[in-house]
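These are the residues of each chain, in order.
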Amino acid sequence: MANPIIQVQGVNKEYGKRKNTVAALKNINIEIQKGEFIAVVGPSGCGKSTLLHVMSGLEAPTSGRVLVDSVDVTLISERDLPKVRAQKIGFVFQAFLLIEDLTAFENVQSVLWPNDEIKKERQEDMALEVLREVDMLERRDHFPRQMSGGEQQRIAIARALVNRPPILFCDEPTGNVDSKTGDAILKIVAQLNREKKMTVVLVTHNDDLTKYAKRVLKMKDGAITSDRS
Ligand SMILES: Nc1ncnc2c1ncn2[C@@H]1O[C@H](COP(=O)(O)OP(=O)(O)O)[C@@H](O)[C@H]1O
Ligand SMILES: [Mg+2]
């Protein structure tokens, strides 16, 4: 079998110093195969976001290894990390985190701008194509404040996908939208998983949404307590 697309090996993550130390992740071991759709669930503060940040190279673990597509992201230099992340990983946050004074189209295109290996016309096509996939093409010239939460999150998903990364991390992507909108957002993600074989790791509070995942990881107090397919 091919190498797993994500390998988390003996990962610990501590915040703070001495008496104030918080063990956010305790000896985490996970293997994720290409094309999987995994949900990560557990009570607030159990380490779900920390796990996603460590898996995506946004934060370094205190100890242990994280391999993404066979690359050890804990060993990559600060300088090279953004490029590796852009190529391999899309990240969607609960709070959308769109840039307020850029349009939908510009928000999506903005993560391609540092990339001078791709021609400008091609970059525009890439942004339009991904806006079409999340069904937001007609909103391309709208600013975030002109869109609902669900629409903003769809733009954020488009932005996460425009570089065509093989992995999408979603940290409570539906936490700021109503349940019907949340379900519509997850349908888009599930479709991308099915049709493009994109690997998806979804953190969610909403048990209803785990139905889209084929595997569910349960966490408690920084540890994985169950891993069911
Ligand atoms: N930057 C930080 N500094 C100190 N403690 C943190 C930091 N980020 C998270 N923590 C702590 O780590 C634990 C796990 O947090 P988090 O991963 O955000 O949990 P979840 O996403 O499951 O709600 C919590 O106790 C939290 O307070
Ligand atoms: Mg969290």
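Residues numbered from 1 in each chain as written. Chains lettered and ligands numbered in written order. Predicted model: local features only at pLDDT ≥ 70, side-chain atom pairs only at ≥ 80, totals over all residues. Heavy atoms only, no water.

Student: Explanation requested: the sheet that holds strand 1 (residues 6–15) in the structure shown.
Tutor: By definition, the strands of a sheet pair up through backbone hydrogen bonds, in either a parallel or an antiparallel sense. Overall, antiparallel pairing links the four strands, which are arranged 2-1-4-5 in an open sheet. On the outer flanks of this sheet lie strand 2 (22–32) and strand 5 (71–72), each paired with one strand and no other. Where strand 4 (residues 63–68) meets strand 5, two bridges bridge the pair, whose relative direction is antiparallel. Looking across to strand 5, one finds that valine 68 is bridged to valine 71. Against the sheet, helix 1 (residues 48–55) contacts strand 1, strand 2 and strand 4, and its axis sits at roughly 55° relative to strand 2. (Pairing = 2+ DSSP bridges. Helix = DSSP H or I, 4+ residues; strand = E, 2+ residues; numbered from the N terminus. Contact = heavy atoms within 4.5 Å. Axes fitted to C-alpha atoms, helices over the stretch in contact; angles between N-to-C directions.)

Student: Would you mind showing me how to read the site of ligand 1 here?
Tutor: Inspection of the region around ligand 1 gives Tyr15, Val22, Ala24, Pro43, Ser44, Gly45, Cys46, Gly47, Lys48, Ser49 and Thr50 as its neighbouring residues. At 3.1 Å from an oxygen atom of ligand 1 is found a main-chain nitrogen or oxygen belonging to glycine 47. Burial of ligand 1 by the protein chains amounts to 58% of its free accessible area of 560 Å². Secondary structure elements with two or more residues in the shell around ligand 1: strand 2 and helix 1. Considering every element that reaches the shell around ligand 1, the biggest residue donor is helix 1, with three residues. A class-by-class count of the residues in the shell around ligand 1 yields five nonpolar, five polar and one charged. (Near = heavy atom within 4 Å. Polar contact = N/O pair within 3.5 Å; in protein donor to acceptor, adjacent residues only side chain to side chain. Areas by Shrake-Rupley, 256 points an atom, 1.4 Å probe, with all protein chains shown as cover. Nonpolar A, V, L, I, M, F, W, Y, C, P; charged D, E, K, R; others polar.)

Student: Can you walk me through the side chain of threonine 103 in this structure?
Tutor: If you trace the backbone, threonine 103 turns up in the loop between strand 6 (89–92) and helix 3 (104–110). Contact partners of threonine 103, with chain neighbours within four places excluded, come to Arg140, Asp141, His142 and Phe143.

Student: I keep staring at the sheet that holds strand 10 (residues 223–228) and nothing clicks. Help me out?
Tutor: Strand order across the open sheet formed by six strands is 6-7-8-3-9-10, with mixed pairing between neighbours. On the outer flanks of this sheet lie strand 6 and strand 10, each paired with one strand and no other. Here the strands of the sheet are splayed against their neighbours by 15° on average, with no regard to which way each runs. Where strand 6 lies against strand 7 (residues 167–171), four bridges are found, and the strand directions are parallel. Of the residues in strand 7, the one forming a bridge with isoleucine 89 is isoleucine 167. Most of the contacts of helix 2 (residues 81–88) go to strand 6, to which it runs at about 85°, and overall it touches strand 6 and strand 7. Packing against the sheet, helix 6 (residues 179–196) makes contact with strand 3 (37–41), strand 7 and strand 8 (199–203), and its axis sits at approximately 140° to strand 3.

Student: Would you take a moment to explain helix 5 (residues 149–161) for this structure?
Tutor: Given 3.6 residues per turn, any residue in an α-helix points the same way as the ones three and four places further on. With 13 residues, helix 5 should cover 18 Å at 1.5 Å per step; its first-to-last C-alpha distance of 18 Å lies within 8% of that length. Within helix 5, 11 of the 13 residues are buried, which leaves it mostly tucked inside the rest of the structure. Turning to helix 5, its buried residues number three or more, namely Gly150, Glu151, Gln152, Gln153, Ile155, Ala156, Ile157, Ala158, Arg159, Ala160 and Leu161. Residues of helix 5 that are buried make contact with strand 6, helix 3, helix 4 (120–133), strand 7 and helix 6. (Expected span 1.5 Å × (residues − 1). Buried < 20%, exposed > 50% of the residue type's maximum accessible area, 1.4 Å probe, protein only.)

On their own, these measurements won't tell you what the molecule is for.
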